[in-house]
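# Structure assessment
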Amino acid sequence: MENINLKGAVETVDISDLRATPERTELGLRKRAENYLSAINGQVLPICSAGNKEVNSKEPPKWALPAGAPQEQLVLPRVAVEPGSAQPGSRSAPRVARGLCGQQVEMDIKIMLVPENLENKAALKHQNDETRLPLITEKRSAPLCSQKAGKGHPAATLCAFPAFPPTDSPLPQLGEDTPKGALSLSGQRLILPAAKITLQAPPGVSKAAPSREFHRQAQKSAGGQISSRLDPGNTDPSTFPNSKEAISGTSSSSKGNVAPPPPSSSVVSARKSKPGRTQPAQQGESEGQIPSQTQPPQAPPRQSSQDPRSDWDVVVCHGTADQKAPGFLALEQHHPLSWGSIVAFLEHAEKLLKDSSVPLATVSGRKLARVASDFEPDQNPPKSTILSVLKDQSAVGKILNPPGRRSQGPGGAERAATRIQRVWRRHRAAQAGAGSTQRERPSGAIDAARRSRSHTARVTHTPRAAQHTHLESFCSRAKHLAANWNRIRTSRRTIIHIPSLGYSQHILEHIPDLAVQQNMQMGRLFDILDANVDVIYICPLALSEELLHYYTRLLGLQAAVRSGNPQARADLRARFRILTPEAIDSFPQHHTCLATQLKHSPRTVQMIQGLIQSRNAYVVGGVPHADELAVADMLDVPLLGPEPQLAQLYSTKSGTKRIFGSAGVPTPPGEWDLHSREQVIGALSRLVVDNVEVQRWVLKMNDECGGNGTAYCDVISHLECSHWLQKEWQSHGPEGWSKSQARELALVRISQELPGLLAQHVQAVNEKRFPTWEKFLQTFLTQGGVIEAFPLSSSVTNLTVDLLIEPTGEISIVSSGDQLHAEGPFRSSGTTIPQRSVDPALLNSLCWKIGAACRSKGVLGYLSVDFVAFTHPQTLEQQVWATDLDLCYSDQLALTQLVLYLTDGKVDCGSSPLEAPLGSQAVKSQRVQREGTKTPAPGSPRCAVASTQLRHSNLAGTSYSLLLQSCKARGVGFDLQEKQGTVFILYEDQKRHRLGMITIGEDLQGVLLTFARNLFIIHQEISAPNMQGETNFKMAIQDIEAILGVTAENKLKLEEEQPWEADALKE
């Protein structure tokens, strides 16, 4: 509490006065210190007053050092004395200065060093002399360039450059050897030699009479005090500085200046820090004094070239560091943040030095602080790192390097014995285990192989087990579908169409625009022609709103087609859904089929489950794949198709030959299951010898599709022995040729010529992928393949027939058509529906045999068979060969569904007609020509030309809406009343470089001409004269022209009727 009076026996004391007493004392000390500093910095010490009785008396002063205070705490400042400052003829002046002022200065310094002594403070408070104490302030960092108060005229501000000894002197100069004045400043490199600066000596003070003897006495006393603080047992010159250097470092180079003593708060560091007493910037940092900017600058004293942190060195004697040493304490004071790491590192160093019995080592404080900052306390530093922080690392390293040195320290013998025993036991154990290791090595290898095999089995067991589960579910659901098929196909049902191309990975990666190729069966949507069928179509592309609107309007034409009224359209969006799996973009670096993408799309699967809930449903896939079984298992619905492994076996070219062989249908001469170069050469040699009339031979890879793995060669025309071979064959006749010796000789000669002939004359269908015979042969041998003969006629027709093997085993033909070959004889670019090149009865018989053979192998669902028809040049009879088999839903079948939807017709492949209800014009003409004895025909025949492989690069620059409007303006469209015209199939709206087109009419020739005209119109609308683009339109027109066999008379007639169409054909 404040202002509480305590009453005693004598008087009343106010506590507030007692609390204010230390403040007044400190204020007085600070004021006296300021006066003292100003006196010694700018004035000469005056002679003490003669009237001071306390000084003149010979009695000892009352303010002596406290009892028990060490004498080492007294450090006298060195006072520089000007020789001319003493008055001449006065002999008593030095004695008085030495006797009176010397005692006064000593006692002032004692009070400064021990400020906490109350007796000294009391004595200092009552003295009346002019002695001043130094100002004790807080420690502050000194600026880089400071000003120093000096005596004389003001000079320019000088920065404290580091002092260097003269280049011609190997040793630093002492205080008495240092020149004074401007010469001193230029010698210490504080003033450049070229600078023309003149410093005048200050005027002498009359009362200043310090003697030379007092200066020497103070210097000797200070030197004695400094040397008394040194450890007499430590003789390392790198650790303890020379006393003479310490004394000389405290002197000032300016005349009349006396260095102030260090404050008591930093006396320990000041005693050990020589540069701190010599360099002005460092002196200001250690004493916390900032020079006034108003005082005239003083030339700084001579600086030491030694780093001040060298005094932070720690001496480790016999493995123990003195933690009370000034260097240790200064290091702790300057690095408080990293002190824990420094102590931990120093402990490791002590342990190493102690274990190695190193008597003395000096640790550099600077290096120790730098290394310990990156050192973790739980780490064990290596010996090299510890040696790097020693100042005498070379000498210590010689002690540590000899073997066994670690055992000479305390407890070294025990450690050495333990290490020797440990090494010996390890050596004996290694010798004992060497024999057992050799015996256990074979068993270890066997065990490692067993573990690797078991791991591989575990890794592969999970997917195999899942596939086995899916297969079992597929078989059980197939039996259920077969038992209930008659009911399901006549009742309300949902068909889930997945147009997936489930080829192997090495085939998928060579299919351009895989997603577009899988989306070319948009005609599956038109299964809703059956009123009991709803369709869920899985689309591999994200369709835009424009395309969805287009197909919604197209599917809504069913009522208009049936009624003949274009306005009678219906909204059938409730009967079909187009879903796109969310995983279509999840595998950008992998070529995956649509079934795999749907398998990894749980949201789409969940949506399908909601749509087929409590309804009859089944899946119709594309090219069979194992993931189709997984999707069917996830949806818990049956799959109308073959088992994937079975389909892969019989869908290959070699598997197709086995099916055809078991069916007993005619096939081209050839051999299959060829997997080596020798087999290829030998098989082709035998085929050429046995079929001399065949000019061209075709090589097909087992797994490729679309003609990509096909190559051909006209062998007979390139054989050197061709003329001799045909002559020998004709001379022996077909019957005797097989038993003649000429056949064996021809076989040898042909087998010798074939390798070089094939390398030069084999032509691959996909020249970009297989530019040479060697590349084609390498892939051919990897997959295996077949060699078969090309038809003997120059006029060949390829046709495709689609079959359905129902779960009950019933076989039916659902589609047929003649192929169009715009890009060569081995690639189909379109079809004409229905086929008209082969007798329907013959074709029906062949298809039934092939279907029965497939059914016997366990195949069910949709399959597609390719035939080739030609007229034999010798017998002039039509021959039909079965050439290929695909166990999947074909593009032609999807196009047929669209044709049937647009015409509301029916196809009977047994008789090959496509009949549609009569249009309005046909009905009117029938009424005019009605006869009473004749009944009207139920319908009129229709035919269609369809293609899914139309390609034009300029389509990308035109939107679909603009294209349809342009075509409509040019008369390209569909007439709902007459049920004929043109309809487009749009796949996607991103690249827009592919499309499909169907043209429907009454006769084949007119439909082909209309199809070619439409291609020409589209080309004109999207192309400029200088930008024709990349397209197959022109090749399609040329193929149609070849089919029609247009003669000059027909062309002339066409020019008279429709000149622009004739120009289109010419283009």
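Residues numbered from 1 in each chain as written. Predicted model: local features only at pLDDT ≥ 70, side-chain atom pairs only at ≥ 80, totals over all residues. Heavy atoms only, no water.

With that settled, consider the overall build of the chain. Within the chain, the regular secondary structure consists of 39 helices and 26 strands. Scored against the burial criterion, the 1067 residues of the chain give a buried share of 45%. The long-range fraction of contacts in the chain, counting pairs at least 24 apart against all pairs at least 6 apart in sequence, stands at 73%. Accessible area of the chain: about 55300 Å², with a carbon and sulfur share of 53%. (Helix = DSSP H or I, 4+ residues; strand = E, 2+ residues; numbered from the N terminus. Buried < 20%, exposed > 50% of the residue type's maximum accessible area, 1.4 Å probe, protein only. Contact = heavy atoms within 4.5 Å. Areas by Shrake-Rupley, 256 points an atom, 1.4 Å probe, with all protein chains shown as cover.)

So, about the sheet that holds strand β20 (residues 906–907). Ordered by their spatial adjacency, three strands build an open sheet running β20-β21-β22, and the pairing between neighbours is antiparallel. Of all the strands in the sheet, the pair left with one neighbour each is β20 and β22 (940–941). As judged from the two bridges shared by β20 and strand β21 (residues 914–916), these two strands associate in the antiparallel manner. Each bridged residue has a counterpart across the sheet, and for Lys-906 the counterpart in β21 is Glu-915. (Pairing = 2+ DSSP bridges.)

Turning to the nonpolar core, a few remarks are in order. Within soluble globular proteins, side chains that are nonpolar tend to cluster in buried spots. Ranked by internal contacts, the top residues of the largest apolar core, which has 77 residues, are Leu-525, Phe-984, Ile-998 and Ile-1018. Not counting residues up to four positions away in its chain, the partners in contact with Ile-1018 are Leu-955, Leu-963, Cys-967, Phe-984, Met-997 and Phe-1033. Listed in part, the 38 residues of the second largest apolar core include Val-680, Leu-725, Phe-776 and Phe-780. (Core = buried A, V, L, I, M, F, W, Y, C linked by side-chain atoms within 4.5 Å.)

One pass over the structure, following the stated rule, counts 29 salt bridges. For Asp-690, the salt bridge goes to Arg-743, with nearest N and O atoms at 2.8 Å. Within this pair, whereas Asp-690 is found in helix α27 (residues 677–690), its partner Arg-743 is found in helix α30 (residues 741–761), the two being separated by 53 residues in sequence. Looking at Asp-690, the relative accessible area reads 40%, which means it is partly exposed. Residue Arg-743 is classed as buried on the basis of its relative accessible area of 13%. (Salt bridge = Lys/Arg side-chain N within 4 Å of Asp/Glu carboxyl O.)

Below, the discussion takes up the sheet that holds strand β9 (residues 616–620). Strand order in this open sheet of four strands is β8-β7-β6-β9, and the pairing throughout is parallel. The sheet is open, and its two borders are formed by β8 (576–579) and β9, each paired with just one other strand. The average angle at which neighbouring strand axes cross in this sheet is 15°, direction not considered. Relative to strand β7 (residues 533–538), strand β6 (residues 493–497) runs parallel, the two being bridged by five bridges. Bridge pairing in β7 links Ile-495 to Val-535. Across the sheet, helix α23 (residues 602–611) touches β6, β7 and β8, and the angle it forms with β8 is around 170°. (Axes fitted to C-alpha atoms, helices over the stretch in contact; angles between N-to-C directions.)

What follows is about the pairing of strand β18 (residues 861–871). Taking burial as the measure, the 11 residues of β18 include 10 buried ones, the bulk of the element. As paired strands, strand β15 (residues 796–805) and β18 are joined by 10 bridges and run antiparallel to one another. In the strand pairing of β18, Val-796 is matched with Phe-870. Judged from the eight bridges that link them, β18 and strand β19 (residues 878–886) form a sheet pairing that is antiparallel.

Most of helix α26 (residues 653–663) is tucked away: eight of the 11 residues are buried. Every buried residue of α26 is accounted for by Lys-653, Ser-654, Gly-655, Thr-656, Lys-657, Ile-659, Phe-660 and Ala-663. Among the residues trailing α26, Gly-664 stands out with phi positive, at a value near 75°.

By the criterion of burial, β7 is predominantly enclosed, with six of the six residues buried. Both faces of β7 are covered, namely the face carrying Val-533, Val-535 and Tyr-537 and the face carrying Asp-534, Ile-536 and Ile-538. Summarising the sheet, β7 and β8 pair through four bridges and their orientation is parallel. When the sheet's bridge partners are listed, Ile-538 is paired in β8 with Leu-579.

The next point concerns a positive patch on the surface. A contiguous patch of positive charge, built from Arg-419, Arg-422, Arg-425 and Arg-426, is present on the exposed surface. Mapped onto the fold, Arg-419 is located in helix α16 (residues 412–483). (Patch = residues over 30% accessible without salt bridge, like charges linked within 9 Å, V, L, I, M, F, W, Y side chains within 5 Å. Lys, Arg positive; Asp, Glu negative; His and termini not counted. Charge placed at Lys NZ, Arg CZ, Asp CG, Glu CD.)

Bringing the packing of helix α12 (residues 339–355) against helix α13 (residues 365–373) into the picture now. With their axes 9 Å apart at the nearest point, α12 and α13 run at an angle of 105° to one another. By the criterion of interaxial angle, the relationship of α12 to α13 is roughly perpendicular. Here α12 contributes Ser-341, Ile-342, Phe-345 and Leu-346 to the contact with α13, which in turn contributes Leu-368, Ala-369, Val-371 and Ala-372. Split by residue class, the contact of α12 with α13 holds seven nonpolar, one polar and no charged. (Parallel < 35°, antiparallel > 145°, perpendicular 65-115°, else oblique. Nonpolar A, V, L, I, M, F, W, Y, C, P; charged D, E, K, R; others polar.)

Relative to the helices and strands, Arg-477 is located in helix α16. Residue class for Arg-477 comes out buried when judged on its relative accessible area of 15%.

Counting across every chain of the model gives 11 aromatic pairs. The aromatic ring of Phe-790 is capped on one face by Arg-696, whose charged end is 5.5 Å from the ring centroid. Sitting above the plane of the Trp-724 ring, Arg-749 keeps its charged end 4.9 Å from the centroid. (Phe/Tyr/Trp six-rings, centres within 6.5 Å; stacked < 30°, edge-to-face > 60°. Lys NZ or Arg CZ within 6 Å of the ring centre and 35° of its normal.)

Bringing unusual backbone geometry into the picture now. For the bond from Ile-833 to Pro-834, the omega torsion is -5°, close enough to zero to count as cis. Tracing the chain through its elements places Pro-834 in the loop between β17 (830–833) and α32 (840–856). In this structure, Ser-614 takes a positive phi of about 55° despite not being glycine. Position of Ser-614 among the secondary structure elements: in the loop between α23 and β9. Using a relative accessible area of 77% as the deciding quantity, one classes Ser-614 as exposed. Even without being a glycine, Lys-979 presents a positive backbone phi close to 55°. Note on placement: Lys-979 falls in the loop between β24 (974–975) and β25 (980–985).

Attention now moves to the environment of Ala-369. With respect to the secondary-structure elements, Ala-369 resides in helix α13. The class for Ala-369 is buried, based on a relative accessible area of 8%. The spacing of Ala-369 and Leu-331 is 38 residues in sequence and 8.4 Å in space, taken between C-alpha atoms. Those residues within four positions of Ala-369 in sequence are excluded, and the remaining contacts are His-335 and Ile-342.

Any residue range with low pLDDT should be treated as having predicted coordinates unsuitable for detailed reading. When the pLDDT values of the chain are averaged, the result is 75; 67% of them are 70 or greater. Ignoring residues within four places in sequence, the model shows residues 1–10, a span with pLDDT below 50, making 15 contacts including any to other chains. Low confidence marks residues 124–310, where pLDDT is under 50. Its contacts with residues over four positions away, or in another chain, come to 300 contacts. (pLDDT = per-residue confidence, 0-100.)

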